[in-house]
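Listed here are the chains, written in short residue letters.
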Amino acid sequence: MNNGGIHFNLSHSKNFIVLGIGKQELGIDILCERKINKELIKYFFSEEEQRYLHHLKEGKQDYYWNALCYKEAYIKCSGGQIINMKNRLVCPKDLQYGKVNRVKQEREQIESIFFKDSNYHICMISNNISRKLTFEILDMDVIYRKIEGLIS
């Protein structure tokens, strides 16, 4: 979303909200790990991603959740539907948390950055991830207590 030159995007999973703010379009997603859903792999993962995931000895859980976050963050940044990304968007392999990944996607270059906090996976996507692009994880219980204190 754009508000006077400032763009923001948010996502939530279980009890956490992640908010990304920057001067360019961005998409952000947070997902809490659960059991891998093999049906989702067939529908949302490209053949390349499916092969990569199948052959991973370690890190299957991380790649699965990072790939879902990546696709959702991309959709939130550029529009579309996740089902249409199946063969058009491939999650970076061997990514390093906290480090910007650059890939050419169709006619544009996109940058992504991944984070993991305990069992939560976070991905932020933009055309240009700069140091001025920030995000914050917010606990909904803390926010609720603050609001409740203002109302009381």
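The model shown is predicted, which means the values in this text are computed figures rather than measured ones.

**Describing the overall build of the protein**
Stage number 1. Counting secondary structure elements, the protein contains 4 helices and 8 strands.
Stage number 2. The C-alpha atoms of the protein give 16 Å as radius of gyration, which agrees with the globular expectation for 152 residues (15 Å, within 12%).
Stage number 3. Structurally, the protein occupies a C-alpha span of about 55 × 35 × 25 Å along its principal axes.
Stage number 4. Relative to its full complement of 152 residues, the protein shows a buried share of 39%.
Stage number 5. Across the protein, the fraction of contacts at a sequence separation of at least 24, relative to all contacts at a separation of at least 6, is 53%.
Stage number 6. For the protein, the exposed area adds up to about 9,300 Å²; of that, 52% sits on carbon and sulfur atoms.
Stage number 7. Averaging the coordinates of the 23 positive side-chain charges in the protein and doing the same for the 19 negative ones gives two points 3 Å apart.

**Quick notes on the confidence of the model for the protein**
Stage number 1. Considering every residue of the protein, the mean pLDDT works out to 86; 92% of them sit at 70 or more.
Stage number 2. Taken element by element, the predicted model of the protein shows its lowest mean pLDDT in strand E1 (residues 2–3) (58) and its highest in strand E4 (residues 26–32) (95).

**Brief notes about the nonpolar core**
Stage number 1. Within the largest apolar cluster, 27 residues are counted, with the highest numbers of intra-cluster contacts made by Phe45, Tyr70 and Ile125.
Stage number 2. Contributing elements (two or more residues each) for this core: helix H1 (38–44), helix H2 (47–55), helix H3 (60–78), strand E6 (108–117) and strand E7 (120–126).
Stage number 3. For this core, the element with the highest residue contribution is H3, accounting for 11 residues.
Stage number 4. If near-sequence neighbours (up to four positions away) are discounted, isoleucine 125 is found in contact with Glu25, Leu26, Gly27, Tyr70, Ala73, Tyr74, Cys77, Ile110, Glu111 and Ser112.
Stage number 5. With 10 residues, the next largest nonpolar core counts Ile30, Cys32, Ile122 and Met124 among its residues.

Each value, and the rule that gives it
Residues numbered from 1 in each chain as written. Predicted model: local features only at pLDDT ≥ 70, side-chain atom pairs only at ≥ 80, totals over all residues. Heavy atoms only, no water. Helix = DSSP H or I, 4+ residues; strand = E, 2+ residues; numbered from the N terminus. Rg over C-alpha atoms; globule rule 2.2 N^0.38 Å. Buried < 20%, exposed > 50% of the residue type's maximum accessible area, 1.4 Å probe, protein only. Contact = heavy atoms within 4.5 Å. Areas by Shrake-Rupley, 256 points an atom, 1.4 Å probe, with all protein chains shown as cover. Lys, Arg positive; Asp, Glu negative; His and termini not counted. Charge placed at Lys NZ, Arg CZ, Asp CG, Glu CD. pLDDT = per-residue confidence, 0-100. Core = buried A, V, L, I, M, F, W, Y, C linked by side-chain atoms within 4.5 Å.

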